Amino acid sequence: MTGGGRPPEWWRDAVLYQIYVRSFADGNGDGVGDLPGIRSRLPYLRELGVDGIWLTPFYPSPGHDHGYDVSDYCDVDPAFGTLADFDAMIADAHDLGLRVIVDIVPNHTSSEHEWFRNAIADPSHPHRKRYVFRPGRDGGPPTGWTSAFGGPAWTLDEASGEWYLHFFAPQQPDLDWHNPEVQEEFERILRFWLDRGVDGFRVDVAHALFKDRDFPPMVEPVPRPWHGDWLVALLQPELHDLYRRWRAIADEYEGDRMYVGEIVIENQERVAQYVRPDEMQLAFNFALLFAEWDAADIRGVIDRTRSALGAVGAPATWVFENHDVTRLPTRYGGGMEGLRRARAAALLLLALPGTAFVYEGQELGLEEVGLPDEVRQDPIFFRTNGRRLGRDGCRVPVPWEGGPPAFGFTSGPPWLPMPADWEELTVAAQTGEEGSTLELFRAALAARPRGEEFAWRESPPGTLVFARGDLVCAVNVTAERLELPEGELVVASNELRAGALPPGTAAWVRTDGSRAKETA
Ligand code: NOJ
C-alpha cells in the first residue's frame, strides 16, 4: 500500500483521542468546555501518548444536539472560543506532534442555519431546494420513516403545508444531497478547514447523506437495533462518487489528510465499500461497542473486520467508547468487575492492528453517570418521553484534579453535575499512581505495537491470544485462568494470580517469537 518507499500514512496505526468539546476542559469558567481549555491540556495528551485528537463540533450552534446542529460551518461558537483560539490550539497541537481532526456534519444543518431560515421564510427561495420538503400523504407525513431520536422523521411546515425531513431532531433538517449546490458548499467548507491546517475529518452519519429519491418504505425492526443495515433509503450508491471527490480534495493537500466515516452498519463488507483506496481512508467499526464480554463474540468481530477491510487494503478501526454510548465499565457490568474488564479491553484495543479511538475519560476508567431527569439535556430523552435515557451519562465532564463540584474542569458550575466521589479518579490522583487506569493506558500507549503482523495463537475457550510481531497480547475474557505466555511481561491490566491471568485480565508479553505456535 505504501509503494515507492513512501512512509506509511500516519492514520494507519494511529491512536486518536476523542474530545467531546463541551466536557473536556473549560478555559473561561462558564461551565462549558472550550478550545482554550483544550489548548491548555494538550501537554497531557502528548504525555498520555496518543497521536492525535478528534474534536466533536465546535461550530456555531443553537445546541439542540450539542453542536451536531450546525448553524455556520466556518466559524467557532462563542461558547467554545473564536477562530483565533482554534488557530492557536491547532498550532500548539502540531508543535507537540499531535494531529487534529474535526467533525463535519453534512447530513443536516441546524434549523437556525441561514439556508433553512430562507427555506422556511419563502418556499420559492432557492435554498428551499437544499432541504427535503415534500407534500404529506393522507393527512400525515409523506412516509412512515422514523427519526433516530424517536418520533417521526418529518415535521410539518405549517405555512406551506409541506413536511421537511429530519433523521434526527426537528431542529436538524436533512440536506438534499442530490442538489449540486449542497455538494459545492461542502467542498468549500472542507477546504476552509483544510486551509486552516486540520489533518482530517470525522464524517457524521456518513452513510446517510443521499436519500433514495423514491422514498421507499422503511419498516423499523422492533426492537430497533443499534446498527442501521435496514435503512434502505440511505446507503445510496451516489455516496461513493462523493467520497471520491472529497478524497481528491484532501489529496491536494500535504500531509496525508484523511476522513473517518461514521457508517453505522454491521455488515463489514458493506462498510469496506466506503474505504476503497480512492474513497475515505477509515470507517468507524462499531461492532465492539455492542459486543458482549465474550471471547467468541470478540474474536468473530476481529476476524470479520480484518477480512472485510483487508480485502480493500484499509486498516481496521477499533472503538470501545464514544459520546453516544454507555461507558464501557458500566456496559461490562459496572463496579470493580466492569472496570476490570474495561481495563483488559484497553490492552486488547491498543494491541489490535489498525487505528484505535479512545474517548475522553476512558483512560480514567470513568463509569456512566446516573443523572437526575431534571439535568438531562439529550434530545433522545425528551423525544422518547424518557423511555431512552440518552447519552448525557457518558458526557459528564472530565475530572482533572481536586474535589467536587468541578474537579478542576471549570471554575464555574459544570454544565452537567459531576459525581461527588470522583476524587480518586481525577487525572491528578491517578498520575504516578501504580496500578491506576491512567498509568495502564500510558504504559500501553508507550509499548503499543505498530505495523507488526497480526497472528492468532491457540488458546483455550474463553480467552484470546494473538501476536503482533514479538509482542503477544493475552486476554482472559471469562476462563478460569489463562497461563501467561512465555516471555517478558510488558504490562498487565490487573494483578496476576500464581503467574496466570484471572478472568477479566489481559497482559502483553515480549517474546522472541520463535516459540509462537500460530494458527490461521
Ligand atoms: C452521530 C453523532 O455521533 C451523534 O452524537 C449525533 O447526535 C448524530 N450523529 C446526529 O448528528
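Placed above this text is the structure.
Residues numbered from 1 in each chain as written. Predicted model: local features only at pLDDT ≥ 70, side-chain atom pairs only at ≥ 80, totals over all residues. Heavy atoms only, no water.

1. Describing the sheet that holds strand S4 (residues 133–135)
Read across the open sheet, the 3 strands follow the order S4-S6-S5; overall the sheet is antiparallel. Of all strands in the sheet, those with a lone pairing partner are S4 and strand S5 (154–157), marking the two edges. Mean inter-strand twist for the sheet, computed between neighbouring axes without regard to direction, equals 40°. (Pairing = 2+ DSSP bridges. Helix = DSSP H or I, 4+ residues; strand = E, 2+ residues; numbered from the N terminus. Axes fitted to C-alpha atoms, helices over the stretch in contact; angles between N-to-C directions.)

2. Structural notes on the packing of aromatic side chains
For the structure on display, the rule yields 36 aromatic pairs. Between the aromatic rings of Phe24 and Trp400, the centroid separation amounts to 5.1 Å while the plane-to-plane angle is 85°, which identifies the pairing as edge-to-face. Of this pair, Phe24 sits in helix H1 (residues 21–24) while Trp400 is found in the loop between helix H12 (379–383) and helix H13 (427–430), placing the two residues 376 residues apart along the sequence. Take Phe24: its relative accessible area is 0%, and that puts it in the buried class. (Phe/Tyr/Trp six-rings, centres within 6.5 Å; stacked < 30°, edge-to-face > 60°. Buried < 20%, exposed > 50% of the residue type's maximum accessible area, 1.4 Å probe, protein only.)

3. Some thoughts on the pattern of salt bridges
Summed over all chains, the structure comprises 36 salt bridges. Arg244 serves as the salt-bridge partner of Glu279, at 3.2 Å between the closest nitrogen and oxygen. One end of the pair, Glu279, is in the loop between helix H7 (268–272) and strand S9 (282–283); the other, Arg244, is in helix H6 (residues 238–251), with 35 residues separating them in the sequence. Here Glu279 falls in the buried class, since its relative accessible area comes to 0%. (Salt bridge = Lys/Arg side-chain N within 4 Å of Asp/Glu carboxyl O.)

4. Re the sheet that holds strand S12 (residues 454–456)
Within a sheet, each strand pairs with its neighbour through backbone hydrogen bonds, oriented either parallel or antiparallel. Taken in spatial order, the 5 strands of this open sheet run S12-S13-S14-S18-S16, and their pairing is antiparallel. A strand with exactly one partner marks an edge of an open sheet, and here the two such strands are S12 and strand S16 (488–492). Direction aside, the axes of adjacent strands within the sheet are offset by 25° on average. Pairing geometry for strand S14 (residues 471–476) and strand S18 (residues 505–510), over 6 bridges, is antiparallel.

5. As for empty space enclosed by the protein
The probe, sized like a water molecule, is rolled over the atoms to show the empty space still left. Taken as a whole and assessed by the stated rule, the structure comprises 2 cavities of 30 Å³ or more. Forming the boundary of the largest cavity are Glu321, Leu328, Pro329, Leu339, Ala342, Arg343, Ala345, Ala346, Gln362, Gly365, Thr437 and Phe441. Residue assignment for the lining of the largest cavity shows that the elements contributing at least two residues are helix H10 (328–331), helix H11 (335–351) and helix H14 (437–447). No other element matches H11, which puts 5 residues into the lining of the largest cavity. In the lining of the largest cavity, the residues fall into 7 nonpolar, 3 polar and 2 charged. In this structure, the second largest cavity encloses a volume near 50 Å³. What lines the second largest cavity is simply Gln18, Trp54, Arg202, Phe284, Phe286, Val319, Glu321, Asn322, Phe357, Val358 and Tyr359. (1 Å grid on protein atoms, 1.4 Å probe; cavity = no way out; pocket = protein on both sides within 12 Å on 5 of 7 lines; lining within 4 Å. Points joined across faces, edges and corners; volume = space filled by probe spheres on them. Nonpolar A, V, L, I, M, F, W, Y, C, P; charged D, E, K, R; others polar.)

6. As for the site of the ligand
Around the ligand, the surrounding shell consists of Asp65, Tyr68, His108, Phe149, Phe168, Arg202, Asp204, Glu262, His323, Asp324, Arg391 and Arg395. The contact in question runs from an oxygen atom of the ligand to an N or O atom on the side chain of Arg202, over 3.0 Å. About the coverage of the ligand: the protein hides 97% of its 300 Å² of free accessible area. When atoms are counted within 2 Å of each cavity's grid points, the one that captures over half of the ligand is the largest pocket. Across the shell around the ligand, the residue classes tally to 3 nonpolar, 2 polar and 7 charged. (Near = heavy atom within 4 Å. Polar contact = N/O pair within 3.5 Å; in protein donor to acceptor, adjacent residues only side chain to side chain. Areas by Shrake-Rupley, 256 points an atom, 1.4 Å probe, with all protein chains shown as cover. Sits in = over half its atoms within 2 Å of the grid points.)

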